[in-house]
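Here is what each chain is made of, one letter per residue.
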Amino acid sequence: MGLISRLKGKKKADTQESRTMLLGFVLRENTEWDLQQFTTAFREEWGIALDDSEAKGTTLVATVGGLMLAVSLMESPIPEGEAEYYAQTNYLWDDAVEVTKRHRAHILVTVKSWGERQDVAVAQLFVKATSTLLGQPTSLGLYANGTVYEPEFYRDFASMMHDEPEALPVMDLLWFGILKRENDNVIYTYGLRAFGLEEMEVLAGKDVDLNEVRMLLCNVADYVIRGHVELHDGETLGYTEEQKLLITLGEGIGVDGKTLKIAWE
């Protein structure tokens, strides 16, 4: 029996106040940016034409399939060294901090829905827009989800939507942080709260295969985002009939606030 069919969570109530909005900052090496070049590249890469007739300077607000996409150049770095600080969390990119220090401007990217909840559509449009921006000259990285993503890494996962239009590039939507402690490791998600869901954590032994744990969290995150499913304390999940990984709700270890902890065998 597959992992997803073992989850018993129910779809969360859909309220006007819980609409999803995703936000990110594309770091730029200088303050020069051609908005028309972006809209052209976006159309060529994803087949989506953005109406830039009402664009003002380096700011565009467009409607795409009932969603709002806004991009705007900020001619200054992220204040107070915030991006450089969070770049330290990217254990997959050795030069994250040094590259981030080079940014002198950033492009604010926002995607949100107007009507009924469209989490998957919002997520896909956000990744498409930020991926195209990261492919432009002098783009250094994306500051989002408590880290700074490397352009090549981010664009590689975004590209899955070319072959699979329904794909959800979870590795671009969440950050899977690792907190190494004396006797164990804590692997946690950062970004689920933007979808109105609880962050998740796995407490695992020091010798555990972290890729295996990350894959489990990816699968669960894909499921809960697609269905806007709320998991509950006391439920279990697993890849087989015998495997029952207990879910508990408690104070976070790697992230602040309440988190869903998945027990690891």
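Data block above holds the structure.
Residues numbered from 1 in each chain as written. Predicted model: local features only at pLDDT ≥ 70, side-chain atom pairs only at ≥ 80, totals over all residues. Heavy atoms only, no water.

Asker: Give me the lowdown on the environment of Y149, citing residues and values where you can.
Answerer: Tracing the sequence through the fold places Y149 in strand β7 (residues 147-149). Considering only alpha carbons, one finds Y149 and T89, 60 residues apart in sequence, at a separation of 9.9 Å. In terms of polar contacts, Y149 uses its side chain to reach the backbone carbonyl oxygen of L174, at 2.9 Å. (Helix = DSSP H or I, 4+ residues; strand = E, 2+ residues; numbered from the N terminus. Polar contact = N/O pair within 3.5 Å; in protein donor to acceptor, adjacent residues only side chain to side chain.)

Asker: Can you break down the pattern of salt bridges residue by residue, with the values?
Answerer: What the rule picks out here adds up to eight salt bridges. Across the pair R102 and E29 runs a salt bridge, and its minimum N-O distance is 3.1 Å. Of this pair, R102 sits in the loop between α4 (96-100) and β5 (105-113) while E29 sits in the loop between β2 (21-28) and α2 (35-46), and the two are 73 residues apart along the sequence. The partly exposed category is assigned to R102, whose relative accessible area is 39%. Since its relative accessible area comes to 32%, E29 is described here as partly exposed. (Salt bridge = Lys/Arg side-chain N within 4 Å of Asp/Glu carboxyl O. Buried < 20%, exposed > 50% of the residue type's maximum accessible area, 1.4 Å probe, protein only.)

Asker: So, helix α6 (residues 151-158): which residues are in play, and what are the values?
Answerer: Listed as buried for α6 are P151, F153, Y154 and A158. For α6, the arc enclosing every buried residue in end-on projection is 165°, short of the 170-degree limit, so these residues lie on one face. What points out from α6, more than 90 degrees from its buried face, is the exposed set E152 and D156. (Arc of directions from axis to C-beta.)

Asker: Describe the sheet that holds β2, with residues and values.
Answerer: Taken together, the six strands give an open sheet; going across it, the order is β3-β4-β5-β2-β6-β7, and neighbouring strands pair in antiparallel fashion. Two strands in the sheet have a free side with no partner beyond their single neighbour: β3 (59-64) and β7. Taken over all neighbouring pairs, the strand axes of this sheet differ in orientation by 20° on average, direction set aside. Of the pairings in the sheet, the one linking β2 to β5 comprises eight bridges and is antiparallel in character. Each residue of the ladder has a partner; that of G24, found in β5, is V109. Contacting β2, β3, β4 (67-74), β5 and β6 (139-144), helix α5 (residues 119-134) runs over the sheet at an angle of about 160° to β5. (Pairing = 2+ DSSP bridges. Axes fitted to C-alpha atoms, helices over the stretch in contact; angles between N-to-C directions. Contact = heavy atoms within 4.5 Å.)

Asker: Before we move on, can you summarise the nonpolar core with the specific residues and values?
Answerer: Counting residues in each nonpolar core, the largest one holds 69 residues, and the members touching the most others are L50, V71, V109, V224 and I262. When residues of this core are assigned to their parent elements, the largest contribution, ten residues, is made by helix α9 (residues 210-227). Among the nonpolar cores identified, the runner-up in size contains ten residues, and W93, A96, L140 and Y143 belong to it. (Core = buried A, V, L, I, M, F, W, Y, C linked by side-chain atoms within 4.5 Å.)

Asker: Give me the lowdown on the packing of aromatic side chains, citing residues and values where you can.
Answerer: Enumeration according to the criterion identifies ten aromatic pairs in this entry. Measuring from centroid to centroid gives 5.0 Å for Y85 and Y86, while their planes differ by 90°, and the two rings are edge-to-face. Assessed through its relative accessible area of 54%, Y85 is described here as exposed. An aromatic cluster is present here, built from Y91, Y149, F153, Y154, F157 and W175 joined pairwise through their rings. (Phe/Tyr/Trp six-rings, centres within 6.5 Å; stacked < 30°, edge-to-face > 60°.)

Asker: Any chance you could break down the packing of α2 against α5 for me, citing the residues and the numbers?
Answerer: Running from N to C, α2 and α5 point in directions that differ by 120°, and their axes come no closer than 9 Å. Judged by the inter-axis angle, α2 sits oblique to α5. Crossing geometry of α2 relative to α5 is assigned as right-handed. Residues F38, A41, F42, E45 and W46 of α2 form the contact with α5, whose participating residues are L125, K128, A129, S131, T132 and L133. (Parallel < 35°, antiparallel > 145°, perpendicular 65-115°, else oblique. Left-handed = near helix turned anticlockwise from the far one by under 90°.)

Asker: Give a detailed account of unusual backbone geometry, specifying residues and quantitative values.
Answerer: Backbone phi values are negative for most residues with the exception of glycine, while trans is the configuration of most peptide bonds. Of note, N145 is a non-glycine position whose phi angle comes to about 55°, a positive value. One can find N145 in the loop between β6 and β7. Exposure remark for N145: the relative accessible area of 19% places this residue in the buried category. Positive phi is not limited to glycine here, since H228 has a value of about 45°. Inspection of the secondary structure puts H228 in the loop between α9 and β11 (229-230). Residue class for H228 comes out buried when judged on its relative accessible area of 4%.

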